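Fold and geometry: a report
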Amino acid sequence: MGFIKEFKLFVMKGNMLELAIALVMGVAFGKIITSLVDNILMPLIGSLIGSNFATLSAKVNGVDIKYGMFIQAAVDFVIIAFIVFLMIKAMNKIKKREAIVAEISSTDKLLIEIRDTLIKKEDPAGATLNVKREIEL
């Protein structure tokens, strides 16, 4: 197999395309968060402290240490990390639900059906039976 064909097969694999799409979306998302922090959040916070964060700096041996820009970058990171955390948490919750549904055997399905029938069934006096639901899907 030629080098070009092998490279083309490598690039066209599903995982590689998903990774490329995720990279492009991540860069765009990062720009949006940076704009949010630089143009909205930091000016608001700066107005409270009376200074623009981008201009906060200190001179050490004649060198400007721009700690305000570092604070902005740290806020960018915290926001992006928090959103990624929320996304991963949501994905894990979805995967957990899928795993629970996949684990139910045919015997378990039959037992669940019997349980649900008993819950709906009424006793001779006309009152609904109080059957506690132990398994929730």
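Here, every reference points to the structure presented above.
The notes below deal with the structure included here.

Rules behind the numbers
Residues numbered from 1 in each chain as written. Predicted model: local features only at pLDDT ≥ 70, side-chain atom pairs only at ≥ 80, totals over all residues. Heavy atoms only, no water. Helix = DSSP H or I, 4+ residues; strand = E, 2+ residues; numbered from the N terminus. Buried < 20%, exposed > 50% of the residue type's maximum accessible area, 1.4 Å probe, protein only. Contact = heavy atoms within 4.5 Å. Patch = residues over 30% accessible without salt bridge, like charges linked within 9 Å, V, L, I, M, F, W, Y side chains within 5 Å. Areas by Shrake-Rupley, 256 points an atom, 1.4 Å probe, with all protein chains shown as cover. Salt bridge = Lys/Arg side-chain N within 4 Å of Asp/Glu carboxyl O. Core = buried A, V, L, I, M, F, W, Y, C linked by side-chain atoms within 4.5 Å.

So, the overall build of the chain
- Scanning the chain from N- to C-terminus turns up 4 helices and 2 strands.
- Secondary structure elements of the chain occur, N-terminal to C-terminal, as α-α-β-β-α-α.
- Per-residue burial for the chain yields a buried fraction of 10% across its 137 residues.
- For the chain, long-range pairs separated by at least 24 residues make up 32% of all intrachain contacts whose partners lie at least 6 apart in sequence.

So, unusual backbone geometry
- Although it is not a glycine, Asn61 sits at a positive phi angle of roughly 55°.
- Mapped onto the secondary structure, Asn61 falls in the loop between strand E1 (58–60) and strand E2 (63–65).

Quick look at a nonpolar patch on the surface
- A cluster of nonpolar residues, Val60, Val63, Ile65, Tyr67, Phe70 and Ile71, forms a patch on the protein surface that exposes about 540 Å² of accessible area.
- Of all the elements, helix H3 (residues 67–103) adds the most residues to the nonpolar patch, at 3 residues.

Considerations on the environment of Ile79
- Tracing the sequence through the fold places Ile79 in helix H3.
- Measuring from C-alpha to C-alpha, the distance between Ile79 and Val37 comes to 8.9 Å, with 42 residues separating the pair along the chain.
- Other than its neighbours up to four places away in sequence, Ile79 contacts Ile33, Val37 and Leu41.

Thoughts on the environment of Phe77
- If you trace the backbone, Phe77 turns up in helix H3.
- Residue classification places Phe77 among the exposed residues on the basis of a relative accessible area of 59%.
- Between the C-alpha atoms of Phe77 and Gly30, which are 47 residues apart in sequence, the distance is 9.1 Å.

Some points on the nonpolar core
- The biggest cluster of nonpolar side chains holds 6 residues, and these are Ile33, Val37, Met42, Phe53, Leu56 and Ile79.
- Per-element accounting of this core gives the leading share, 3 residues, to helix H2 (residues 14–49).
- Sequence-distant contacts of Val37, defined by excluding residues within four places in its chain, comprise Met42, Pro43, Gln72, Val75, Asp76 and Ile79.

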